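In case you want the letters, here they are:
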Amino acid sequence: MNQAAALAIAPLQASVSAAEWQARVDLAACYRLCDRYGMSDMIYTHITARVPDAPGQFLINPNGLLFSEMTASSLLKVNGDGEVLYRPDLPYGLHPAGFTIHSAIYRARADAAAAMHTHTIAGMAVSALKCGLLPLTQTATRFYGRTAYHDFRGPERDPSERDLLATSLGSLNYCILRNHGLLTVGASVAEAFIAMWGLERACQAQLAAMACNTELEMPSPEVVEKSCSMYAPGNSRTYGPLEWQGLLRLLDRTDPGFRD
């Protein structure tokens, strides 16, 4: 029995456009990959994708499904006012904080097609460090100087938080939510996921190095500047599309239910 049947979710492919279905498949895959690589937090964080042929709408997880259960047909479709336009026949609705964070991004950023928010141990720990993310590793320099910071004011359930978050993020695609977690934005689901994968690993490496209780080998400012510039838009390939096809092949071999 496949995942959709086990959850009694009616197949949706025939009822939506080809563009929306592809967005649903990619987003469901992203949820499965997030769980597979240890970045999920039970049901408590969110990954979203804009509906390609309805830019004022986006797809988000029902508040009650585990990331490992997500399927293309199980995603909610909501508009910018928080109205649920589609939900599967399940007793799970829209999480207020998920709506607040992700609607803030789509309202402010026409270039954003997807966004990913996590509560990993490493991400939460770095978000609680005054220094934030340090350019300790090559991976970190991909994000250093291009990461926004947003101060914690309590759980993001107040709609007024949307403007503050949008201001903090600005035109950047990476954000550390202070005392909270990590956020990435992309022109595709693939970009948002691969950005989060890299940012998460940069945080893990920083914490591991800082925990060794010995002096850190910090690259010189000149080396940091050179490395960061090599990752600047236009100086390197777009991360995401190349990796994504391999990740989909992995899921198709090991966890194909995301396509239901």
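Since the model is a prediction, treat every value here as computed from it, not as a measurement.

Visitor: Looking at this structure, I do not really get the overall build of the protein. What am I missing?
Guide: Each helix and strand in the protein was counted, giving nine helices and eight strands. Over its C-alpha trace the protein gives a radius of gyration of 18 Å, about what one expects of a compact globule, namely 18 Å for 260 residues. Structurally, the protein occupies a C-alpha span of about 55 × 45 × 35 Å along its principal axes. The long-range fraction of contacts in the protein, counting pairs at least 24 apart against all pairs at least 6 apart in sequence, stands at 68%. Surface exposure of the protein reaches about 11900 Å², of which carbon and sulfur atoms provide 53%.

Visitor: Would you mind showing me how to read the pattern of salt bridges here?
Guide: Side chains that differ in charge, positive against negative, can pair when their charged atoms come close. Within this structure, the stated rule accounts for eight salt bridges. Salt-bridge contacts for R107 lead to D163; the nearest nitrogen and oxygen are separated by 2.8 Å. Taken together, the positions of R107 in helix α3 (residues 96-108) and D163 in helix α6 (residues 161-169) put the pair 56 residues apart, joining distant regions of the chain. The class for R107 is partly exposed, based on a relative accessible area of 47%. A salt bridge links D252 to R259, with the shortest nitrogen-to-oxygen separation between them at 2.8 Å. Its relative accessible area of 35% is what places D252 among the partly exposed residues. Judged by its relative accessible area of 37%, R259 is partly exposed. Overlapping salt bridges bring together E20, R24 and K77 as one network.

Visitor: Hey, could you run me through the pairing of strand β8 (residues 181-186) in this one?
Guide: Along any regular strand the residues' side chains alternate between the sheet's two faces. Counting buried positions along β8 gives six out of six residues, so the element sits mostly inside the fold. One ladder, built from five bridges, connects strand β5 (residues 114-118) with β8; its direction is antiparallel. The partner of A114 across the bridge, within β8, is G186.

Visitor: Can you help me understand the state of the cysteines in this one?
Guide: Covalently bonding the sulfur atom of one cysteine to the sulfur atom of another cysteine gives a disulfide. Taken as a whole and judged by the stated rule, the model has zero disulfides. There is no disulfide at C175, and the cysteine sulfur nearest it, in C203, is 12 Å away. A relative accessible area of 0% places C175 in the buried class. Unpaired in terms of disulfides, C203 finds its nearest cysteine sulfur in C131, a separation of 10 Å.

Visitor: How should I be thinking about the packing of aromatic side chains in this particular structure?
Guide: In this description, an aromatic ring pair is defined by two values, namely the gap between the centres and the angle between the planes. As enumerated under the stated definition, the model contains seven aromatic pairs in all. Ring geometry for Y37 versus W197: centroids 5.1 Å apart, planes at 65°, classification edge-to-face. Highlighted residues: Y37 in the loop between α2 (18-36) and β1 (46-51) and W197 in helix α7 (residues 189-210), separated in sequence by 160 residues. What makes Y37 partly exposed here is its relative accessible area of 32%. Both rings, one in F143 and one in Y174, keep their centres 4.8 Å apart while their planes meet at 75°; by these two values the pair is edge-to-face.

Visitor: Got a minute to help me understand the nonpolar core in this structure?
Guide: Buried together is how nonpolar side chains tend to be arranged in soluble globular proteins. Formed by 69 residues in total, the largest nonpolar core has its most connected members in Y31, I47, I105, M116, F193 and W244. Residues in contact with F193, not counting those within four places in the same chain, are C30, L33, C34, Y37, M39, M116, W244 and L247.

Visitor: Just checking my understanding: could you explain α6 for this structure?
Guide: Residues three or four positions apart in an α-helix share a direction because the helix packs 3.6 residues into each turn. Looking at α6, one finds that the buried residues are E161, R162, L165 and L169. End-on view of α6: buried residues confined to an arc of 100°, all on one side of the axis. The positive-phi residue at the C-terminal boundary of α6 is G170, with phi of around 60°.

Cut-offs applied
The residue count restarts for each chain, going from 1 along the sequence in the order it is written. This being a predicted model, a pLDDT of at least 70 is required before a residue's local features are given, and a value of 80 or more before pairs of side-chain atoms are given or counted; all residues contribute to the totals for chains, interfaces and linings. For the side-chain quantities, the full set of heavy atoms in the structure was used; hydrogens and water were omitted. Elements are defined by DSSP. Helices are runs of H or I of four residues or more, strands are runs of E of two residues or more, and each kind is numbered from the N terminus. Based on C-alpha atoms, the radius of gyration is set beside the globule rule, defined as 2.2 Å times the residue count to the power 0.38. Any two residues whose heavy atoms approach within 4.5 Å at even a single point are treated as in contact. All accessible-area figures derive from a Shrake-Rupley calculation using a 1.4 Å probe, and residue coverage is judged against the displayed protein chains alone. The term salt bridge refers to a side-chain nitrogen of Lys or Arg lying within 4 Å of a carboxyl oxygen of Asp or Glu. The buried label applies to any residue whose accessible area, calculated with a 1.4 Å probe on protein chains only, is under 20% of its type's maximum; exposed applies above 50%, and partly exposed to all values in between. Each pair of strands is called paired provided DSSP finds at least two bridges between the two strands. Any two cysteine sulfur atoms within 2.5 Å of one another count as a disulfide. Between rings of Phe, Tyr and Trp, where Trp is taken as its six-membered ring, a pair exists when centres lie within 6.5 Å; planes separated by under 30 degrees are stacked, by over 60 edge-to-face, and by other angles tilted. Take the buried Ala, Val, Leu, Ile, Met, Phe, Trp, Tyr and Cys residues and link them wherever side-chain atoms come within 4.5 Å; each set so joined is a nonpolar core. The arc refers to the directions leading from the helix axis to the C-beta atoms.

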